[in-house]
Amino acid sequence: MFRGLMTRSTAALLAVTASAALAAPTLAQQGGTIRIGSIKTLEGPFATGGQDAVRALTMAFEEVNFTVAGKKIEWVRESSNAQADVALARARKLIEQDQVDIIIGPLSGAEGMALRDYSRTLTGKTIVNGQSAAADTTLRDVSPNFFRFNGDGMQWIAGLGTYAYQKMNARHVALVGGDYAFPYAQVFGFMQEFCKLGGKVTKLWSPLGTTDFASTIASIPKNADTVLVIHGGTDALAFLTQYAQAGGQQPLIAGPVTVDQVVMSARGPHRRLLNNLISAGPIVDDSDDPTWKAFVASYKKRFPDGFAAPSINAVHYYIAAKAVIMALEQVKGDLSNNQQAFQAALAKLEVPTPMGGKVRLDDNRQAIASNFIRRVVDRNGQLFTTQVERFDNVTQTFGMPRAEFLALGSPSRDNPSCPPQ
Amino acid sequence: MSGATAATVILNGLTLAALYFVVASGFSLIFGLMRTVNMAHGSLYLVGAYIGYAVFEPLYDRDLWYAWYLAILAGMAAAALFGVLMQTVLLGWMQGQELRQALVTIALSIIVADQLLARFGGTPRQFFAPDALFGSTALPLIGNYPTFRLVQIGVALAVGIGLWLLLNRTRLGLMVRAGVDDRPMLAAMGVNVPLVAVLVFALGAALAGLGGVIGATAQPLAQGVDARFLLTALVVVIVGGMGSIAGTAIGALLVGLAEQIGQALFPTYSVILTFLIMVVVLAIRPQGIMGRAR
């Protein structure tokens, strides 16, 4: 009986597989559609950010009514949990089973490195980064099929080291951050400026997904005059809450994903710490720029249940989707010849951003973009960031020649280093 | 590391262990009597926390002091009810089929997580402890220490002592202990074993719900914490010994201390320390530190 069942189900499985294999090429050959896959974190510590990325992609595709150059956009959604292996498995699924032409994603640092490597093994497919921001993704071992229209972690923190040293008189900063590629990049960017000016840095890493930071907080040196928070998502929320509970007295400054609507919209005792907090990042919530105001208005109209302002995730996934749509329009939806024309168009693109600026790519297909120093303000119980300083055309190498910059080594948990004596 | 920092880290370990004990004791209790490896224990934690939060938020908005206490009751009740349903509808009639129960509870945990995501969304939430429990308390040697973490120890002690009294001083406890040793004989004595099973399941689930509200006051509540607490509960009872309350306490202490000391001394590899403890225990004493060989 059991054996009979086995054979029957095996046969059924074979039949399904066979028909799927037969059906797949016909799907791919349908001339009238362009299949775009997306990967963002709808699970794990950045789930809320991933949700906002979906909103942004929905907006971008709806704006063109899911049509580009007369072809229909078919959107296949996939999710990961901020782990590189999961993102890779989902990307494989999108390429191999769903037969997508283009992937927009992923969201988190290590995922980006994994998909960059995967993209190198593909021909005739393109991955446009969602918002992952590890530095080396487009700095070392670059892939011709991987395009990134957002700054990396280093670019996103540009200006903060100088601001902390010169305007806040910080001399010894203790930094707390997640122990993976994206925070390494931010720390590298911060220390690049801060250590050059003579500042000292103590680093306190914790694994991504840590929820109990009590012992990290206890390890913050008493003689550090400022604490730099690099955590994002629920990690940031947990750290800030527990810092408030522990009665932490040292003033805080923060990285780009710590001060974001994902964290600012959540309720809790951490909000006390956020008010007036100085941070660096690529977006400013209450910018007066008309493009930004229009973007926020259409976001809030389409998603009344969204954040008070679009998050960093929304902005970057939106830019990525816009870039894909613009390049597709330029080549009239022609993805033949291994997407050569499409990729060339992407590389030369100047994409208008919701912040009112423009993003263009360098030779490594990495964005040259604007960055801001921001202050958190409380408006009737809603927290927003407001602009303190603005830097345009921030490059991945902080304006240094690429070779000289590469000689500084890869950002890692130990590089760079300028510990207090 | 200075003496004060070392003392703080150890106290952090103890307070984290307290939370782990509350969550894992329910898991251990259920396993002890029913040999059910309840892979949905993390879901009971989530259900308790989210239902507790749904009760908590509107009351907190009106500044009612009892909002948090009511959330605890609601969280425990919701988790207990869910546990009873699990036992009566699903697990009761596949008693003794361990693999089947494990698969059913895994499936259940996926379904519950998705339903909670659909209902409550992905935004992290957190309970705010009543003012009496928030802020910090001055301790000798350590200085200011978060009051709520000390409360966790109190809750864990209450749970531990309560469970000990229940198991050793009541008729229900007598039946539970007898059931652990010889279930068919207990049934032959005329005890309604399925009913005892439902009661134990309700109790174990209520403890998970209690852990949910307490845990979500100390740390953010978000999607995915169910898996984390299930894993922790598994490690705790494997180290301590399945079905033993004292073993669960020892397991929770080891895991909590290992996590916090690891975080302070070698953060990158702190995760490994927990599993190293598990490997060592499994190699030397496979039934767990307080577990009885079967």
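Scroll up to find the structure this text is about.
What counts and what doesn't
- Residues numbered from 1 in each chain as written.
- Chains lettered and ligands numbered in written order.
- Predicted model: local features only at pLDDT ≥ 70, side-chain atom pairs only at ≥ 80, totals over all residues.
- Heavy atoms only, no water.
- Core = buried A, V, L, I, M, F, W, Y, C linked by side-chain atoms within 4.5 Å.
- Buried < 20%, exposed > 50% of the residue type's maximum accessible area, 1.4 Å probe, protein only.
- Contact = heavy atoms within 4.5 Å.
- Buried area = accessible area lost by both parts, 1.4 Å probe.
- Salt bridge = Lys/Arg side-chain N within 4 Å of Asp/Glu carboxyl O.
- Helix = DSSP H or I, 4+ residues; strand = E, 2+ residues; numbered from the N terminus.
- Nonpolar A, V, L, I, M, F, W, Y, C, P; charged D, E, K, R; others polar.
- Pairing = 2+ DSSP bridges.

Engineer: Explain the nonpolar core residue by residue, including any values.
Structural biologist: The biggest cluster of nonpolar side chains holds 82 residues, and the ones touching the most others in it are B:Phe56, B:Trp68, B:Phe127, B:Phe148, B:Val159, B:Leu210 and B:Ile214. Ignoring anything within four residues of it in the chain, the contact list for B:Phe148 reads A:Gln245, B:Trp68, B:Ala129, B:Leu133, B:Ile214, B:Thr217 and B:Ala218. Residues A:Ile34, A:Ala133, A:Tyr299 and A:Ala345 belong to the second largest nonpolar core, which totals 61 residues.

Engineer: Describe the interface of chain B and chain A, with residues and values.
Structural biologist: Counting from both sides, the interface comprises 33 residues of chain B and, opposite them, 28 residues of chain A. Interface area, chain B with chain A, both sides summed: about 2600 Å², of which 54% is carbon and sulfur. The largest contributions to the chain B side of the interface with chain A come from B:Pro124, B:Phe134 and B:Gln263, which together make up 21% of the buried area. Where chain B packs against chain A, one counts one salt bridge. For B:Arg149, the salt bridge goes to A:Asp212, with nearest N and O atoms at 2.8 Å. Of all the secondary structure elements, the ones that give two or more residues to the side of chain B that touches chain A are α1 (3-34), α2 (41-61), α5 (147-169), α8 (193-218), α10 (245-265) and α11 (270-284) of chain B. Take the side of chain B that touches chain A: its biggest share by element is five residues, from α1(B). For the side of chain B that touches chain A, a count of residues per class yields 15 nonpolar, 14 polar and four charged.

Engineer: Describe in detail the pairing of strand β15 (residues 382-394) of chain A, supporting the description with residues and values.
Structural biologist: Along any regular strand, the residues point their side chains to alternate faces of the sheet. For strand β14 (residues 367-379) of chain A and β15(A), the ladder comprises 10 bridges, and the chain directions are antiparallel. Bridge pairing links A:Arg379 to A:Gln382 in β15(A).

Engineer: Describe the environment of B:Gly251, naming the residues involved and giving the relevant values.
Structural biologist: Residue and element names in this part refer to chain B. Looking at the element boundaries, Gly-251 is found in helix α10. The class of Gly-251 is buried, set by a relative accessible area of 0%. Measuring from C-alpha to C-alpha, the distance between Gly-251 and Phe-82 comes to 26 Å, with 169 residues separating the pair along the chain. In contact with Gly-251, not counting residues within four places along its chain, are Val-236, Val-239 and Gly-240.

Everything listed here is a matter of coordinates, which is why it stays silent on function.
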